[in-house]
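Coordinate analysis (summary)
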Protein chains: 2
Amino acid sequence: MHIHSRIADLRGALAKRGRIVFVPTMGNLHAGHISLMEQARAHGDTVVASIFVNRLQFGPNEDFDKYPRTFQADCDKLTAAGVDVLFAPTEADLYPEPQEYFVEPPGIQNILDGEFRPGHFRGVATVVTKLFNCVQPQAALFGKKDYQQLMVIRNMTRQLLLPIDIIGGETVRADDGLALSSRNGYLSADERAEAPRLYRLLNEIRDAIRNGNRDFAALEQAAIAELNAKGWTTDYIAIRRQHDLSPTGDDKQALVILAASRLGKTRLIDNLEI
Amino acid sequence: MHIHSRIADLRGALAKRGRIVFVPTMGNLHAGHISLMEQARAHGDTVVASIFVNRLQFGPNEDFDKYPRTFQADCDKLTAAGVDVLFAPTEADLYPEPQEYFVEPPGIQNILDGEFRPGHFRGVATVVTKLFNCVQPQAALFGKKDYQQLMVIRNMTRQLLLPIDIIGGETVRADDGLALSSRNGYLSADERAEAPRLYRLLNEIRDAIRNGNRDFAALEQAAIAELNAKGWTTDYIAIRRQHDLSPTGDDKQALVILAASRLGKTRLIDNLEI
């Protein structure tokens, strides 16, 4: 695997490559990330990953400095996964001056996770645009686990006419259904045993909708009540349109159920497309 | 000259070209535009122009519908100037859906011309990003006459890491100094005779600064007073830093004098770098 930190070096190395598939990450890689790298292989000739902890998407109450940096272990995993090129810029490469020009998403940035993380999706949209302009891939993969992020990036890419196919990578789950996340490591044994309830509830809501239940608000409230009764603190359970995550009473559209809830100090998110 | 309206056709036509230099316009071309096309030739192998009247940069009180469309005459001029490729998208090509994702410039978008045209530079930054993503040039030329636009695009391009050299094209002037503009055609004979005063005043301010005058506010006010005494209605005369157009008391920085003033119903802008 070739590793580049300088933008000019990266561009030079990629100039003669075939179809490039790009998988941006913030490092601290787990099996879900590695699955994205393997899925990427099917979409092009050269798989490029990036590791960059993006200050711009952290809120003032979110701890940018304590975000785990595990660079050498990440490199070993990416090499084993057959990634061709790693772009690992420093902050001075990507933000040589304070960022003043932003890619500004519409209202979708203020709902669901955006309500709890003001400015987060603006920071994501801006850094992804910058990474895209460095790598200039033909396709890019983003995990469906961060569903709202995937939709923001997909819509942004289409609206700004970036010549890049945005591909949603499937979520990898433990045998009991819990979506893989670096945050799972923070769970106590008891919390880890409780955690799969989130995905079970998403499946129950999906089944209810498939069976004709159209009272989305009641389905959401019942799931929140069950979680909170079991010791969770729930930010949202929401049945939404896939495209823009807006509320809908119409079950004929493509829907997704999204959830964010805290178990102890650990905030877990998950979702399920219908 | 090859003309493309579809993005996919354009990209196909440009895929095998050498270094591409791009000159975006809104059509209604005059000798100033044609000079940009000729200047562009020195910066690459293939000169691509675009004609697109961008609804997004017109304010609610600015008449998008009445903006002059002179497509056939424009094509003839571009062909005569040796332009290789014209990109002339329709609104359905560039805005197939309402634009929701914007490239948002910082405070520079609200000063000088931005104060009089709210949302204008956001519309410019967004459409230029989209046009860049269609054409994917290695260099792009923007006239210095629209100096604030040039600075917004130069700073945006650098901050978003777009791999494009932004080149300022020199302003073309009539023999009496008046900057060429499609708006000059709206001037009466008397107004046309008066119009060169604007550029003369910019030169006088430059000379005063070169001779050691550091009272920028007094220089600005004196010029505004002279213009308004001669029947102009002046929006601003401003001595600013070139880079971000912010005010400065320091004449050791690279400065530019910017002006916008109305003669009858015609709003003229001009500027002069020091």
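Throughout what follows, the structure given in this document is the object of discussion. If you're wondering where the values come from, they're calculated on a predicted model, not measured in any experiment. (Residues numbered from 1 in each chain as written. Chains lettered and ligands numbered in written order. Predicted model: local features only at pLDDT ≥ 70, side-chain atom pairs only at ≥ 80, totals over all residues. Heavy atoms only, no water.)

A word on the sheet that holds strand S1 (residues 2-4) of chain B. The strands that make up a sheet are held in pairs by hydrogen bonds between backbone atoms, and each pair lies either parallel or antiparallel. Residue and element names in this part refer to chain B. Taken together, the 6 strands give an open sheet; going across it, the order is S1-S4-S3-S2-S6-S7, and neighbouring strands pair in parallel fashion. A single partner strand is all that each edge strand has here, and the edge strands are S1 and strand S7 (165-169). Recorded for the sheet is a direction-independent mean angle of 25° between the axes of neighbouring strands. Both strand S2 (residues 20-25) and strand S6 (residues 139-143) contribute to a ladder of 2 bridges, which runs parallel. Bridged to Val21 within S6 is Ala139. (Pairing = 2+ DSSP bridges. Helix = DSSP H or I, 4+ residues; strand = E, 2+ residues; numbered from the N terminus. Axes fitted to C-alpha atoms, helices over the stretch in contact; angles between N-to-C directions.)

Under the criterion given, the structure shown has 38 salt bridges over all chains. Sharing partners across several salt bridges, the network here consists of A:Asp113, A:Asp235, A:Arg262 and A:Arg267. (Salt bridge = Lys/Arg side-chain N within 4 Å of Asp/Glu carboxyl O.)

Before going further, it helps to spend a moment on the pairing of strand S7 (residues 165-169) of chain A. Residue and element names in this part refer to chain A. Among the 5 residues of S7, 4 are classified as buried, and the element is accordingly described as predominantly covered. Bridge count between strand S6 (residues 139-143) and S7: 5 bridges; the pairing is parallel. Within the sheet, the bridge partner assigned to Phe142 lies in S7 and is Gly168. This β-α-β element, S6 to helix H7 (residues 147-159) to S7, shows right-handed connectivity. (Buried < 20%, exposed > 50% of the residue type's maximum accessible area, 1.4 Å probe, protein only. Right-handed = clockwise from strand over helix to strand, strands pointing away.)

On to the state of the cysteines. Inspection of every chain in the model, using the stated rule, returns 0 disulfides over all chains. In this model B:Cys75 remains outside any disulfide bridge; the closest cysteine sulfur is found in B:Cys134, 18 Å from its own. (Disulfide = S-S within 2.5 Å.)

Moving on, we come to the interface of chain B and chain A. Counting from both sides, the interface comprises 30 residues of chain B and, opposite them, 30 residues of chain A. Summed over both sides, the interface between chain B and chain A buries roughly 2,600 Å², with carbon and sulfur atoms accounting for 55% of that surface. Its largest share of buried area at the contact with chain A, chain B owes to B:Tyr101, B:Gln159 and B:Leu161, together 34% of the area lost on that side. Inspection of the chain B/chain A interface yields 2 salt bridges. We note a salt bridge from B:Glu97 to A:Arg158, for which the minimum N-O separation is 2.6 Å. Our enumeration of links across chain B and chain A arrives at 18 residue pairs in polar contact (both at pLDDT 80 or more). Those elements that place two or more of their residues in the side of chain B that touches chain A are helix H1 (7-14), strand S5 (102-104), helix H6 (120-135) and helix H7 (147-159) of chain B. In terms of residues, the side of chain B that touches chain A owes the most to one element, H7(B), which gives 6 residues. Bridge count for strand S5 (residues 102-104) of chain A against S5(B) is 3 bridges, and the pairing is antiparallel. Looking at S5(B), one finds that A:Glu104 is bridged to B:Phe102. (Contact = heavy atoms within 4.5 Å. Buried area = accessible area lost by both parts, 1.4 Å probe. Polar contact = N/O pair within 3.5 Å; in protein donor to acceptor, adjacent residues only side chain to side chain.)

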